[in-house]
Amino acid sequence: MPNGTPLTLTAPIERLRAGWDLGCSSLEQLAFARLIDTGPFDRHLRRLTADIQKRGQVVHQFVARELPGTTLRNGHGGLQAYLELPTWCAEEALVQAARRRSVLVRGDRFYALRADDRPPALVVGYAGLRGTELGRGLAGIAGAYREMGRTGSRAPRVTPTAEPSGTGVPGGR
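These remarks concern the structure in this document. (Residues numbered from 1 in each chain as written. Predicted model: local features only at pLDDT ≥ 70, side-chain atom pairs only at ≥ 80, totals over all residues. Heavy atoms only, no water.)

1. Thoughts on helix α3 (residues 40-66)
The α-helix winds at 3.6 residues per turn, so residues separated by three or four positions along the chain end up facing the same way.
Point 1. Compared with an ideal rise of 1.5 Å per residue, which puts 27 residues at 39 Å, α3 spans 39 Å between its outermost C-alpha atoms and is within 8% of the ideal.
Point 2. Along α3, the residues classified as buried are I52, R55, G56, V59, H60, F62 and V63. (Helix = DSSP H or I, 4+ residues; strand = E, 2+ residues; numbered from the N terminus. Expected span 1.5 Å × (residues − 1). Buried < 20%, exposed > 50% of the residue type's maximum accessible area, 1.4 Å probe, protein only.)

What follows is the structure, encoded as structure tokens:
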């Protein structure tokens, strides 16, 4: 009985934690502490920050050049860009056109809890993409955007639905 705790209690908990706990061993913790103390971790973070800032600049330049009428709403920081689209652009149609070009992008409504009358928008993540991947993705979005302009895909007017009993969810579910 370690520390007065019965083995019948500790053994099941240890088995559960072994498959669930993502903790680090002491050796890993010491190695990480050494990386912090001696500087390599700081250098890594500075390189990573600079790399992500460059990706953000690429996205900003792309939006200005290839997506006329689109407004970038989240400035020059972060790991993704929030692009407010012109009101004529159908958000879901644009998302589907991008997917046909093998570009996974989400519309703003994907993240919404309820339908409302927000303008169409895209959320473009770029943290995990490097040079050519980011370029291919942005080119796919530009092609999808041009397709929307050619086909005249108009955004449908979304009417907010009643939310019974204050649930915040259409239909009260």
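After that view, the rundown keeps rolling.
2. A closer look at a nonpolar patch on the surface
Point 1. Residues F32, L35 and I36 make up a contiguous nonpolar surface patch of about 260 Å² in total accessible area.
Point 2. Its place among the elements puts F32 in helix α2 (residues 26-38).
Point 3. The exposure class assigned to F32 is partly exposed, which follows from its relative accessible area of 41%. (Patch = residues over 30% accessible without salt bridge, like charges linked within 9 Å, V, L, I, M, F, W, Y side chains within 5 Å. Areas by Shrake-Rupley, 256 points an atom, 1.4 Å probe, with all protein chains shown as cover. Salt bridge = Lys/Arg side-chain N within 4 Å of Asp/Glu carboxyl O.)

3. Concerning the packing of aromatic side chains
Point 1. Evaluation of the coordinates by the stated rule reveals 3 aromatic pairs.
Point 2. On the numbers, 5.5 Å between centres and 50° between planes, the contact of W88 with Y145 is tilted. Linking W88 in the loop between β2 (80-84) and α4 (91-100) with Y145 in helix α5 (residues 131-151), this pair joins segments that are 57 residues apart in sequence.
Point 3. Residue classification places W88 among the partly exposed residues on the basis of a relative accessible area of 27%.
Point 4. A cation over an aromatic ring shows up here: R106 above the ring of F110, its NZ or CZ 3.9 Å from the ring centre. (Phe/Tyr/Trp six-rings, centres within 6.5 Å; stacked < 30°, edge-to-face > 60°. Lys NZ or Arg CZ within 6 Å of the ring centre and 35° of its normal.)

4. Here's the deal with the packing of α2 against α3
Point 1. Contact pair α2 / α3: the axes reach a minimum separation of 4 Å and the direction vectors enclose 75°. Comparing the axis directions of α2 and α3 gives the class roughly perpendicular. Of α3, the residues touching α2 (which contributes F32, L35, I36 and T38) are P40, F41 and R43.
Point 2. Class assignment of the residues belonging to the contact of α2 with α3 gives a composition of 5 nonpolar, 1 polar and 1 charged. (Axes fitted to C-alpha atoms, helices over the stretch in contact; angles between N-to-C directions. Parallel < 35°, antiparallel > 145°, perpendicular 65-115°, else oblique. Contact = heavy atoms within 4.5 Å. Nonpolar A, V, L, I, M, F, W, Y, C, P; charged D, E, K, R; others polar.)

5. Overview of the sheet that holds strand β3 (residues 106-107)
Point 1. One open sheet holds the 4 strands; their spatial order is β1-β2-β4-β3, and the pairing between them is antiparallel. With partners counted over all chains shown, the strands left at the sheet margins are β1 (71-72) and β3, one partner each.
Point 2. Here 2 bridges tie β1 to β2, and the two strands are oriented antiparallel to one another. Pairing of T71 across the sheet is with E84, part of β2. (Pairing = 2+ DSSP bridges.)

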